[in-house]
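Report on the structure
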Amino acid sequence: MWICPKCGRSFKNKEQSHYCGKPPATIEEYIAAQPEEAQDYLRQINAAIKASIPEAREKISWSMPTYWKGRNLIQFAASKRHIGLYPGPEAVEAFAARLTEYKTSKGTIQFPYSKPLPLELIGEIAKWCEKNN
């Protein structure tokens, strides 16, 4: 068990990423609170999703940027070495053939900071989520 020295919360994993204090209220607040090297990636992903599903509402859910339309459609978040995109397991399965160069797991796609973002693909995944989730 690890206890954050800043906020005193307990976590299973040592140095687990979390928010100390009040979570962000908007996607832009979330992005601004992230390390500088992640911010451009997050803004690009946010813009690609927003352009693909403009009717979806932006919100923060589970402390992550979320696009919502009656339910959570797609989420994303910064990690130390990558941006995680969370479209759900069905979307990861539907796009598996086009995601071979990225690490995936049940419902998650990892886009490393060391590679350019596949923004068109991210937009397609967002549209798929709106239609199928």
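Note: the structure precedes this text.
The present account deals with the structure reproduced in this document. Just so you know, these numbers come straight off a predicted model, no measurement behind them. (Residues numbered from 1 in each chain as written. Predicted model: local features only at pLDDT ≥ 70, side-chain atom pairs only at ≥ 80, totals over all residues. Heavy atoms only, no water.)

**Description of the sheet that holds strand β4 (residues 64-68)**
Strand pairing in a sheet relies on backbone hydrogen bonds. The paired strands run either parallel or antiparallel. In space, the six strands of this open sheet follow the order β3-β4-β5-β6-β8-β7, with antiparallel pairing throughout. With one partner strand each, in any of the chains shown, β3 (57-61) and β7 (103-105) form the two edges of the open sheet. With strand direction ignored, the average angle separating the axes of adjacent strands in the sheet is 25°. Pairing of β3 with β4, which is carried by five bridges, proceeds in the antiparallel orientation. Residue Ile60 lies in a different strand from β4, and its bridge partner there is Pro65. (Pairing = 2+ DSSP bridges. Helix = DSSP H or I, 4+ residues; strand = E, 2+ residues; numbered from the N terminus. Axes fitted to C-alpha atoms, helices over the stretch in contact; angles between N-to-C directions.)

**Considering the environment of Gly8**
With respect to the helices, strands and loops of the structure, Gly8 is situated in the loop between β1 (2-3) and β2 (10-11). The spatial distance from the C-alpha of Gly8 to the C-alpha of Cys20 is 8.7 Å, given a sequence separation of twelve residues.

**Considerations on the pairing of β4**
Along β4, four of the five residues are buried, which leaves the element largely enclosed by surrounding structure. The turn linking β3 back onto β4 is made up of two residues, and Trp62 within it adopts a positive phi angle of 55°. Where β4 and strand β5 (residues 72-78) come together, three bridges link them in antiparallel fashion. When the sheet's bridge partners are listed, Tyr67 is paired in β5 with Ile74. Following β4, the chain reverses through three residues before pairing antiparallel with β5; Gly70 in that reversal takes a positive phi of roughly 80°. (Buried < 20%, exposed > 50% of the residue type's maximum accessible area, 1.4 Å probe, protein only.)

**A few points about the packing of aromatic side chains**
The tally for this structure, following the rule as stated, stands at four aromatic pairs. Each ring, one from Trp2 and one from Phe11, has its centre 6.0 Å from the other, and the planes form 35°; the classification is tilted. Across the pair, Phe11 and Trp2 agree in class, each one buried. Where Phe95 meets Trp128, the ring centres are 6.4 Å apart and the plane angle is 85°; that geometry is what we call edge-to-face. Residue Phe95 is located in the loop between α3 (89-94) and β7, and its partner Trp128 is located in helix α4 (residues 119-132); the two are separated by 33 residues in the primary sequence. In this arrangement the basic side chain of Arg57 is found over the ring face of Trp68, its NZ or CZ atom lying 5.0 Å from the centre. (Phe/Tyr/Trp six-rings, centres within 6.5 Å; stacked < 30°, edge-to-face > 60°. Lys NZ or Arg CZ within 6 Å of the ring centre and 35° of its normal.)

**Observations concerning the layout of surface pockets**
The volume enclosed by the largest pocket comes to roughly 870 Å³. Together, 27 residues line the largest pocket, and Gln16, Ser17, His18, Gln34 and Ala78 are the ones closest to its centre. Listed by contribution, the elements that provide at least two residues to the lining of the largest pocket are α2 (36-52), β5 and β6 (82-86). The residue makeup of the lining of the largest pocket, split by class, is 15 nonpolar, seven polar and five charged. (1 Å grid on protein atoms, 1.4 Å probe; cavity = no way out; pocket = protein on both sides within 12 Å on 5 of 7 lines; lining within 4 Å. Points joined across faces, edges and corners; volume = space filled by probe spheres on them. Nonpolar A, V, L, I, M, F, W, Y, C, P; charged D, E, K, R; others polar.)

**Focus: the environment of Ile122**
Relative to the elements of secondary structure, Ile122 occurs in helix α4. Setting aside its immediate chain neighbours within four residues, Ile122 contacts Ile45, Ala48, Ile49, Leu85, Phe111 and Leu117. (Contact = heavy atoms within 4.5 Å.)

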